[in-house]
Amino acid sequence: MKTVDLRSDTLTRPTSAMREAMLAAEVGDDVFGEDPTINRLQERVAELTGKAAALFVTSGTQGNQISVNAHTRPGHEVILDENSHIFNYESGAAAMLAGVQLHPLPGQLGVITRDQVEAVLRPTDDHYPQSGLICLENTHNRAGGTIYPFAEIQAIAELARQQGLPLHLDGARLWNASVATGISLKEYCRPFDSVSLCFSKGMGTPVGSVVVGSKAFIQRAHFYRKAYGGGIRQGGILAAACLYALDYHLPLLAEDHRRARSLAEAIAPLPGIRLELDTVQTNIIMFDVDPAKIAADDLVRQLGEHGVHMFTFGPRRIRAVTHLDVSDDGIEYAVDIFKKLLR
Ligand code: TLP
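Residues numbered from 1 in each chain as written. Predicted model: local features only at pLDDT ≥ 70, side-chain atom pairs only at ≥ 80, totals over all residues. Heavy atoms only, no water.

Some words on the packing of helix α1 (residues 16-23) against helix α11 (residues 236-248)
This is how it is decided: Axis lines are fitted through C-alpha atoms, for helices just across the contact stretch, and the angle between N-to-C directions can take any value from 0 to 180 degrees. A helix here means a DSSP run of H or I that spans at least four residues, while a strand means a run of E at least two residues long, and both kinds are numbered starting from the N terminus. When describing relative orientation, an angle under 35 degrees is termed roughly parallel and one over 145 degrees roughly antiparallel, while 65 to 115 degrees is termed roughly perpendicular and anything else oblique. By convention the crossing between two helices is left-handed if the near helix lies anticlockwise of the far one by an angle smaller than a right angle, and right-handed if it lies clockwise. We call two residues in contact when some of their heavy atoms are within 4.5 Å.
Packing of α1 against α11 brings their axes to within 8 Å, and their N-to-C directions diverge by 135 degrees. Relative to α11, α1 is oriented oblique. As α1 runs across α11, the sense of the crossing is right-handed. Packed against α1, whose contacting residues are A17, M18, A21 and M22, the element α11 presents I237, L238, A240, A241, Y244 and A245 at the interface.

Structure, rendered in structure tokens:
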């Protein structure tokens with residue numbers, strides 16, 4: 001039986017060429033800043049994103065969470081979308097580790113607006129928590145890989161500047177947004193004080209994210225990385241995979257987007273599927289199933305019995321993600337199985 005694993009782009013396995021690059025990596029002790037490959041990666045990502053400094057971290061969660069801590073004080077309020085990864089899928093770390101309170105707003109497809117943010121800023125009064133940070137997510141995972149409109153990002157950044165509030169981006173899949181829109185990483189990152197970018201999703205590495213920002217911010221982030229157990233010594237082996245991904249995998253993201261689109265277009269007309277094609281903007285497809293026809297759990301189980309794997313994202317909701325290990329053949333096979341089960 002064929003297997004097409006569309007559960008997540010985190011499932012990619014390093015290719016043999018990537019493993020060779022890892023094998024050849026020069027290494028040193030990164031806690032002392034002495035790993036030449038990590039240093040090279042940090043310099044390259046800082047340059048690519050137009051920021052003064054960068055820090056290699058173990059995961060997207062660690063990148064976001066050390067950023068939250070480095071920007072805030074305990075008791076601060078962090079304004080973000082109610083469907084954001086930081087609010088939903090990071091194990092409550094912001095409260096647990098940074099001691100902040102999250103203020104989630106009802107965004108549309110993961111997009112909170114300047115007006116929404118402005119409406120919840122706290123006055124300076126001892127009764128209130130103090131607003132400490134705004135976080136956005138681009139592309140937005142739970143909304144289905146959707147792209148944050150750049151004009152809205154700029155409007156929020158302007159408000160943040162006026163209020164003296166830092167602005168962080170969960171850019172786990174910012175690469176995808178940049179490839180899909182042609183807006184450069186530099187342009188996308190300019191409005192933000194910090195950005196976390198992941199390599200272990202569509203970029204196909206086994207481990208690794210990078211946080212970028214000012215020198216002073218990265219110095220604070222370095223402290224929290226150590227505190228969060230992210231000082232990984234000879235991590236150049238992992239950074240070599242990230243450098244390889246920048247050279248060879250970044251340009252392939254457009255293929256993931258094309259495949260997601262073709263899967264979405266093929267399954268959208270099937271009975272029982274509710275899929276808004278407008279929301280398929282990068283490599284993620286979110287769709288609902290008609291509960292009168294089938295439950296999401298049942299469809300996922302039946303697909304799985306034929307080797308097509310996806311995740312449920314609620315009682316009616318299913319997510320499929322394309323990535324390096326999913327070929328055109330795999331998409332064709334997945335479409336055949338959908339047709340077999342739903343026609
Ligand atoms: N997302 C994972 C799951 O946690 C849901 C996935 O399969 O998509 N930000 C965003 C927007 C993410 O989608 C993820 C991972 C992270 C941060 C966290 O990255 P890791 O898993 O490296 O901690």
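Looking at the state of the cysteines
The condition is simple: Criterion for a disulfide: a pair of cysteine sulfur atoms within 2.5 Å. Working definition: with a 1.4 Å probe on protein chains only, accessible area under 20% of the residue-type maximum means buried, over 50% means exposed, and in between means partly exposed.
Considering all chains together, one arrives at 0 disulfides under this definition. Free of any disulfide, C135 has its nearest cysteine sulfur in C198, 14 Å distant. Here C135 falls in the buried class, since its relative accessible area comes to 4%. Lacking any disulfide linkage, C242 is separated from the closest cysteine sulfur, that of C198, by 9.9 Å.

With respect to the packing of aromatic side chains
Selection rule: For this analysis, a ring pair means two rings from Phe, Tyr or Trp (six-membered ring only for Trp) whose centres lie within 6.5 Å, classed as stacked if their planes differ by under 30 degrees, edge-to-face if by over 60, and tilted for the remaining angles.
Tallied over the full model, the rule gives 7 aromatic pairs. Where F150 meets Y188, the ring centres are 5.7 Å apart and the plane angle is 85 degrees; that geometry is what we call edge-to-face. Pair noted here: F150 is in helix α7 (residues 150-163) and Y188 is in helix α9 (residues 185-189), with a separation of 38 residues, a long-range link. Note on Y188: relative accessible area 1%, which makes it buried. When the ring of F223 is compared with that of Y224, the centres are 5.1 Å apart and the planes differ by 75 degrees; the resulting orientation is edge-to-face. Chaining the aromatic ring pairs together yields one cluster made of F223, Y224 and Y228.

Topic: the nonpolar core
Applied cut-off: In this text, buried Ala, Val, Leu, Ile, Met, Phe, Trp, Tyr and Cys residues form a nonpolar core when linked through side-chain atoms within 4.5 Å.
Counting 52 residues, the largest nonpolar core has L41, I134, L136, L174, W175 and F199 as the members making the most contacts within it. No other element matches α11, which puts 8 residues into this core. Residues contacting I134, with those up to four places away along its chain left out, are I79, V117, I156, A160, L165, P166, L167 and H168. Among the nonpolar cores identified, the runner-up in size contains 31 residues, and I294, A320, V326 and I331 belong to it.

Here we look at the environment of A221
Residue placement: A221 occurs in helix α10 (residues 215-227). Overall, A221 belongs to the buried group, its relative accessible area being 0%. Between the alpha carbons of A221 and A240 there is a distance of 22 Å; along the sequence they are 19 residues apart. Ignoring any residue separated from it by four or fewer positions in sequence, one finds A221 in contact with L55, I66 and A70.

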